[in-house]
Amino acid sequence: MTMNARRALIGTIAEEAKQWRRELHKHPQTMYEETFACGFIAARLKEWGIAHETGIAKTGVVATIDGATTDGPVLAFRADMDALDMPEESGVPWASQTPGKMHGCGHDGHMATVLALGKYLQQTKNFHGKVRLVFQPAEEGGRGAVRMLEEGLLQRFPFDEIYGFHNWPYGPLGEFSICTGYMMAACDFFEIRLTGRGGHAALPNVCNDVILAGSQLVTAFQALVSRETDPLDAAVLSVTNFQAGSGACNVLPETLLLSGTVRTFGPAVRERMERRMREMIQHVAEMFGLKHSFAYNRITDAVFNYDDGVETCRASVTRLFGSESLKVQRPVTGGEDFGSFLEPRKGAFIFAGQGAGDKDAPQRQGLHTPRYDFNDDLIPLVAEYFAEIAETRLAGA
Ligand SMILES: [Zn+2]
Ligand SMILES: [Zn+2]
């Protein structure tokens, strides 16, 4: 098949995929409750005769497409499935029909794109080996990738390499961006509780002041990034909640809740941040005579792109769309659990620009904002890009 014929066929499938995307968008669900998406995906796969299993990590789906011959490597392409707990204000006709839930990260578009890829590959089978489509639930803080791995993804549906993408409203439609090494940060959440003897604010000498202690802790934490992290490494520590007091001006509260997030690249920095936070909390609590608790939860691992995976991605974008469509991505401190797949397997993750229209257009709003919408024009571009990876990596002898 010539490149033009393939582009035309994928274009036709992408027209249909636009409708799937809008249907998925209307029915957003979160955190292992993605039953609509699971059912929708399974119905399309069944219709096209693609072997698949549901129920991996509860609502996840894994499909397998055999090539012209199955003698060859196995490649996987991943789409995340979940929406967000947020209200939608996009005003589009296919807006969320569930109040308080929204596909505000474009995972509806990721699913439609990987489905379009599946339909194309099943029709053409212009490869040798196997392709797996991995539809993963609970990307947004639910450790869906880890759960799929824990439930035996690699044993039940082995693959050699895995590729994924995220729509990127911050870049123009058609611009792909990628880098080798760390591209997205590990994301951790923490929660600290300081407890002491509260009391009359006029008699601080017979109380413990959790607010003063907490304030010192917030200040001390700043040194972990600015003084203890190698300036050429990167880390973020943001305290996002500081809760104490009942509103009364004359009461010293008994407890203070501090919580927030840490973003790091690389296990050494991540481990040090957690260890040093723990030490600082212990010391500050001791200094002020307080009890304390500290929970540090690792939410997602960093996304680390291997050299050869990135080379495959770069070559595919360049062949299809020209080298001007490819940018070097600066690593971002946002999180994405695709990194968990890249620890045991090779492959790479890429951002695909979707910005179009004026600055108020839904396709140019930031991810996780209420007026955002996935750009359907991205579906044929990424489906073709994935097809190119599959057909070149699995070209056979
Ligand atoms: Zn997101
Ligand atoms: Zn996302």
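If you're wondering where the values come from, they're calculated on a predicted model, not measured in any experiment. (Residues numbered from 1 in each chain as written. Chains lettered and ligands numbered in written order. Predicted model: local features only at pLDDT ≥ 70, side-chain atom pairs only at ≥ 80, totals over all residues. Heavy atoms only, no water.)

**With respect to the overall build of the protein**
Thinking step 1. Each helix and strand in the protein was counted, giving 10 helices and 16 strands.
Thinking step 2. In terms of overall dimensions, the protein is globule-like: its C-alpha atoms have a radius of gyration of 24 Å, near the 21 Å expected for 397 residues.
Thinking step 3. Seen along its three principal axes, the alpha-carbon backbone of the protein occupies a region of about 80 × 45 × 40 Å.
Thinking step 4. Within the protein, contacts between residues separated by at least 24 positions form 81% of all contacts whose residues are at least 6 apart in sequence.
Thinking step 5. If you sum the accessible surface of the protein, you get close to 16,500 Å²; carbon and sulfur atoms cover 51% of it.
Thinking step 6. Charge separation in the protein, taken as the distance between the mean sites of 39 positive and 49 negative side-chain charges, equals 1 Å. (Helix = DSSP H or I, 4+ residues; strand = E, 2+ residues; numbered from the N terminus. Rg over C-alpha atoms; globule rule 2.2 N^0.38 Å. Contact = heavy atoms within 4.5 Å. Areas by Shrake-Rupley, 256 points an atom, 1.4 Å probe, with all protein chains shown as cover. Lys, Arg positive; Asp, Glu negative; His and termini not counted. Charge placed at Lys NZ, Arg CZ, Asp CG, Glu CD.)

**A short note on the nonpolar core**
Thinking step 1. Ranked by size, the top nonpolar core spans 89 residues in total, and within it Phe77, Leu133, Phe135, Phe176, Tyr385 and Phe386 carry the most contacts.
Thinking step 2. Here this core gets 10 residues from one element, more than from any other, and that element is helix 10 (residues 378–393).
Thinking step 3. Look past the residues within four positions of phenylalanine 135 in its chain and what remains in contact with it is Ile41, Gly60, Val61, Ala79, Met81, Met111, Val114, Leu115 and Met148.
Thinking step 4. Core analysis: the second largest hydrophobic core is formed by 24 residues, Leu217, Ile281, Ala285 and Leu290 among them. (Core = buried A, V, L, I, M, F, W, Y, C linked by side-chain atoms within 4.5 Å. Buried < 20%, exposed > 50% of the residue type's maximum accessible area, 1.4 Å probe, protein only.)

**Quick look at the pattern of salt bridges**
Thinking step 1. One pass over the structure, following the stated rule, counts 33 salt bridges.
Thinking step 2. Between arginine 21 and aspartate 376 there is a salt bridge, with its nearest N and O atoms 2.8 Å apart. Residue arginine 21 is located in helix 1 (residues 3–26), and its partner aspartate 376 is located in the loop between strand 16 (346–355) and helix 10; the two are separated by 355 residues in the primary sequence. Both residues of the pair, arginine 21 and aspartate 376, belong to the buried class.
Thinking step 3. One salt-bridge network, in which partners are shared between bridges, spans Arg21, Arg22, Asp108, Asp373 and Asp376. (Salt bridge = Lys/Arg side-chain N within 4 Å of Asp/Glu carboxyl O.)

**Some remarks on the sheet that holds strand 16**
Thinking step 1. Taken in spatial order, the eight strands of this open sheet run 1-2-4-3-5-16-6-15, and their pairing is mixed. The outermost strands of the open sheet, each flanked by one partner alone, are strand 1 (51–56) and strand 15 (326–328). Shown here is a sheet whose adjacent strand axes are inclined to one another by a mean of 25°, direction ignored.
Thinking step 2. In terms of strand pairing, strand 1 meets strand 2 (residues 60–66) through five bridges, oriented antiparallel. (Pairing = 2+ DSSP bridges. Axes fitted to C-alpha atoms, helices over the stretch in contact; angles between N-to-C directions.)

**Digging into the coordination of the zinc ion (ligand 1)**
Thinking step 1. Ligation of the zinc ion (ligand 1) by protein atoms is provided by Cys105 (SG), Glu140 (OE), Glu140 (OE) and His368 (NE2), these donors lying 2.0 to 2.8 Å from the ion.
Thinking step 2. In this structure, the zinc ion (ligand 1) is surrounded by four donor atoms whose angles at the metal cover 51 to 152°, and the resulting shape is irregular.
Thinking step 3. The sequence pattern formed by the donor residues of the zinc ion (ligand 1) is C-x34-E-x227-H.
Thinking step 4. In this structure, the zinc ion (ligand 1) is positioned 3.2 Å from the zinc ion (ligand 2), and both are ligated by cysteine 105. Residue cysteine 105 is found in the loop between strand 3 (69–80) and helix 3 (107–124), and its partner glutamate 140 is found in the loop between strand 4 (128–136) and helix 4 (144–150); the two are separated by 35 residues along the sequence. Accessibility classification places cysteine 105 together with glutamate 140 in one group, the buried group. (Donors = N, O, S within 2.8 Å, 3.2 Å for Na, K, Ca; no water. Tetrahedral: all angles 85-135°; square planar, octahedral: opposite > 155°, others 65-115°.)

**Digging into the packing of aromatic side chains**
Thinking step 1. This model, assessed by the stated rule, comprises 18 aromatic pairs.
Thinking step 2. Each ring, one from tryptophan 168 and one from tyrosine 170, has its centre 4.8 Å from the other, and the planes form 75°; the classification is edge-to-face.
Thinking step 3. Put simply, the rings of Phe77, Tyr163, Phe165, Phe176, Phe321, Tyr385 and Phe386 touch in pairs and so form one group of aromatic residues.
Thinking step 4. One Lys or Arg, arginine 22, reaches over the ring of tryptophan 94 and ends 3.7 Å from the middle of that ring.
Thinking step 5. A cation sits over an aromatic face here: lysine 346 above tyrosine 306, 6.0 Å from the ring centre. (Phe/Tyr/Trp six-rings, centres within 6.5 Å; stacked < 30°, edge-to-face > 60°. Lys NZ or Arg CZ within 6 Å of the ring centre and 35° of its normal.)

**Quick word on the coordination of the zinc ion (ligand 2)**
Thinking step 1. Protein-derived coordination of the zinc ion (ligand 2) comes from Cys105 (SG), His107 (NE2) and His166 (NE2), at a distance range of 2.1 to 2.3 Å.
Thinking step 2. Mapping the donors of the zinc ion (ligand 2) onto the primary sequence gives the spacing C-x1-H-x58-H.

**Some remarks on the environment of glutamate 139**
Thinking step 1. One can find glutamate 139 in the loop between strand 4 and helix 4.
Thinking step 2. Along the primary structure glutamate 139 and phenylalanine 221 are separated by 82 residues, whereas in three dimensions their C-alpha atoms are 28 Å apart.
Thinking step 3. With near-sequence residues (within four places) excluded, glutamate 139 lies in contact with Arg78, Asp80, Asp82, His107, Gly335, Glu336 and Asp337.
Thinking step 4. Within the structure, the side chain of glutamate 139 is placed 3.0 Å from the backbone nitrogen of aspartate 337, a separation counted as a polar contact. (Polar contact = N/O pair within 3.5 Å; in protein donor to acceptor, adjacent residues only side chain to side chain.)

**Here's the deal with the sheet that holds strand 13 (residues 291–300)**
Thinking step 1. Here we have four strands laid out as an open sheet, ordered 10-12-8-13, and antiparallel in their pairing. Two strands close off the open sheet at either side, each with one partner strand: strand 10 (235–243) and strand 13. Across this sheet, the average inter-strand angle for adjacent strands is 15°, counted without regard to direction.
Thinking step 2. Examined bridge by bridge, strand 8 (residues 186–195) and strand 13 share nine bridges and lie antiparallel to one another. Bridged to aspartate 188 within strand 13 is arginine 298.
Thinking step 3. Contacts from helix 6 (residues 210–226) reach strand 8, strand 10 and strand 12 (255–264) within the one sheet, and its direction differs from that of strand 10 by about 170°.
Thinking step 4. Here helix 7 (residues 267–288) sits on the sheet and contacts strand 8, strand 10, strand 12 and strand 13; the angle it forms with strand 13, its principal contact strand, is near 165°.

**Quick look at unusual backbone geometry**
Glycine aside, residues mostly have negative phi angles, and peptide bonds mostly take the trans form.
Thinking step 1. Even without a glycine there, the phi angle at tyrosine 32 is positive, about 70°.
Thinking step 2. Inspection of the secondary structure assignment puts tyrosine 32 in the loop between helix 1 and helix 2 (35–47).
Thinking step 3. Not every positive phi belongs to a glycine, and histidine 368 is a case in point at roughly 70°.
Thinking step 4. Judged by relative accessible area, histidine 368 falls into the partly exposed class, the value being 37%.

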